[in-house]
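Residue strings, one per chain:
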Amino acid sequence: MNKLQSFKSVLASIPAVHEIQNLPKVQKLISQHGHSLVTSAIRSVQSDFRDLLTASGENNLGKINNDKFIKQLKNKVLILTENTLKPIFNLTGTVLHTNFGRALLPDKAIKSIELIASDASNLEYDITSGERGDRDNHIDEKLCRLTGAEAATIVNNNAAAVTLVLNSLARRKEVLVSRGELIEIGGSFRLPDIMSSSGCKLHEVGTTNRTYLQDFEEALGPRTALILKAHTSNYKLQGFTSDVKEKDFANFSKKNNIPFVVDLGSGSIIDLSYLGLPKCQTPAETIKNGADLVTFSGDKLLGGPQCGIIVGRKDLISRIKKNPLKRALRCDKMTIAAFSELLKLYENPKKAKTEIPTLRLISRRKDEIQKLAKRMHPTIKSSLSGIATVQIIACKSQVGSGSFPVEFLPSFGFKIEQKLKNRSSSQFLNSISSAFRALPVPIVGRINKNAFLLDLRCLENETLFAKQFQYLNLKELES
Ligand SMILES: *Cc1c(COP(=O)(O)O)cnc(C)c1O
């Protein structure tokens, strides 16, 4: 046989789809994973073999018998059935990271989700009267008690909350916003865009750094329907600045009968200074200052499930709840189950500090993190020996998601640097960070100057973390 003939005979030996499908082992795969998935895996394995043959140009594969094929098929099915959404170790030092799903839920909230998700519930049903109920009933009383508001409701997220407020109270009308607060939050929340998609006209007031009440008085017109103050989540105006106090806004808006709305963004329901954090304004204080409505996120500093909370005046909340958009933006039962448990934890700030993971992580003391680093050091050091040096270093974490934009939390972590200078620093950093991301539970760190940094603030499962290092593949970095 010449080369071409042998190539053709190997090509011809790749089993046909129906042939493979009928094998008992494959029948078993089909009953487990379904006909369509397994068939598409078979086609994909066929095509891999063909590509391999064509690329190598000659036959060093030998004939493709059924056993060879099934081995590849099993791998392929494994890849196709693996969940794309999976846990990771967030060692970036940013506690609330939108890319990593923000807040981790308290155990009690998770138990409550399980309970409510696996059975029928009284989500919208009044058990006493046997009549239709309102899903907000499970959370609004607790929210009112914690914020001092008259009424409350929740929707899918805070972007939805702001959209719903604007659309319910100011559609086809004007909304006054200071030029210093025309914010963009990462991930396409831009206030001017939210404004137009809510059907409102944005009326910019004042200048970027200084805005006075007088500017608002001058901007007020017959089409003005709302005054919006947005928390400058991810930046701070410093220097020659001036803005209008909430109390002055409140007086002004009452006098003119125009609702005053504050978007707090990352609102904490309690004052977190007892955790050593800087003072941040709570929804309760905002209401006390005279805001008619306050909106904030459920999965930022609050540490709960993704949702957007609206609290404030009863008449306004009831207008909001009548808007058909509310139906489109409503929360599901799992969110309500989790959020209701979260709110219970806030009744006792001491408990909140340990049982709400977000609060536990941001208040974690640096000496505790240093001890953790010392415990983990031998494992990581020995698994990188010969390739990289691993040093325990002091570093700084941040809260993230627009909470405390400029404050940093003192922390500890690992600084990983190239030992062999056999490649460029950027090649080294790319390879090492991708090797850590390729682990069964990916470890995500950050690159700082010429080092790969793992901030240990958010590391709690030490056993699972240590276990990852047996899978670390450093082939690319050896030699
Ligand atoms: C984060 C944030 C939002 C958006 O909230 P999501 O819950 O992400 O939808 C809106 N406004 C402010 C001020 C924010 O900080």
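Draft legend 1. Structural detail: the sheet that holds strand S17 (residues 451-455). Overall, antiparallel pairing links the four strands, which are arranged S13-S14-S17-S16 in an open sheet. Unpaired on one side and paired on the other, strand S13 (388-397) and strand S16 (446-448) mark the two borders of the sheet. If you compare each strand with its neighbour and ignore which way they point, the axes differ by 35° on average. Running over the sheet, helix H18 (residues 366-383) touches S13, strand S14 (409-418) and S17 and is turned about 20° from S14.

Draft legend 2. Focus on the pairing of strand S9 (residues 224-230). Summarising burial for S9: seven of the seven residues are buried, a large majority. In terms of strand pairing, strand S5 (residues 174-178) meets S9 through four bridges, oriented parallel. Each bridged residue has a counterpart across the sheet, and for Val175 the counterpart in S9 is Leu226. Direction of pairing for S9 relative to strand S10 (residues 260-265): parallel, over a ladder of four bridges. Its bridge partner lying in S10, Leu228 is registered against Val261.

Draft legend 3. Broad picture of the pairing of S10. Here S10 lies mainly inside the structure; six of its six residues are buried. Covered by surrounding structure in S10 are Phe260, Val262 and Leu264 together with Val261, Asp263 and Gly265, the residues of both alternating faces. Where S10 and strand S11 (residues 293-297) come together, four bridges link them in parallel fashion. Within S11, the residue paired with Val262 across the bridge is Val294.

Draft legend 4. Broad picture of the sheet that holds S11. In space, the seven strands of this open sheet follow the order S4-S12-S11-S10-S9-S5-S8, with mixed pairing throughout. The open sheet terminates on both sides in strands that have one partner only, identified here as strand S4 (151-155) and strand S8 (201-205). If you compare each strand with its neighbour and ignore which way they point, the axes differ by 25° on average. Against the sheet, helix H7 (residues 140-147) touches S4 and strand S12 (308-312), its axis set at about 120° to S4.

Draft legend 5. Geometry of the side chain of Thr282. As for its position among the elements, Thr282 is in the loop between S10 and helix H12 (283-288). Leave out the neighbours within four places in its chain, and Thr282 touches Leu264, Ser268, Ile269, Ile270 and Asp271.

Definitions and cut-offs
- Every chain is numbered on its own, with residues counted from 1 as its sequence reads.
- Where local features are concerned, this predicted model is filtered to residues with pLDDT of at least 70; where side-chain atom pairs are given and counted, the filter is 80 or more; whole-chain, interface and lining totals use all residues.
- The side-chain quantities take in all heavy atoms of the structure and omit both hydrogens and water.
- A pair of strands is treated as paired once DSSP finds two or more bridges between them.
- Each helix corresponds to a stretch of at least 4 residues labelled H or I by DSSP, and each strand to a stretch of at least 2 residues labelled E; elements are numbered beginning at the N terminus.
- An axis is simply a line fitted to the C-alpha atoms; with a helix, the fit covers only the stretch in contact. Between two such axes, the angle follows the N-to-C directions and lies from 0 to 180 degrees.
- Contacts were defined at the residue level, with two residues in contact if any of their heavy atoms lie within 4.5 Å.
- Exposure categories follow from relative accessible area, calculated using a 1.4 Å probe and restricted to protein chains: below 20% of the type maximum is buried, above 50% is exposed, and the middle band is partly exposed.

Fair warning: the whole summary comes from geometry, so function is off the table for now.
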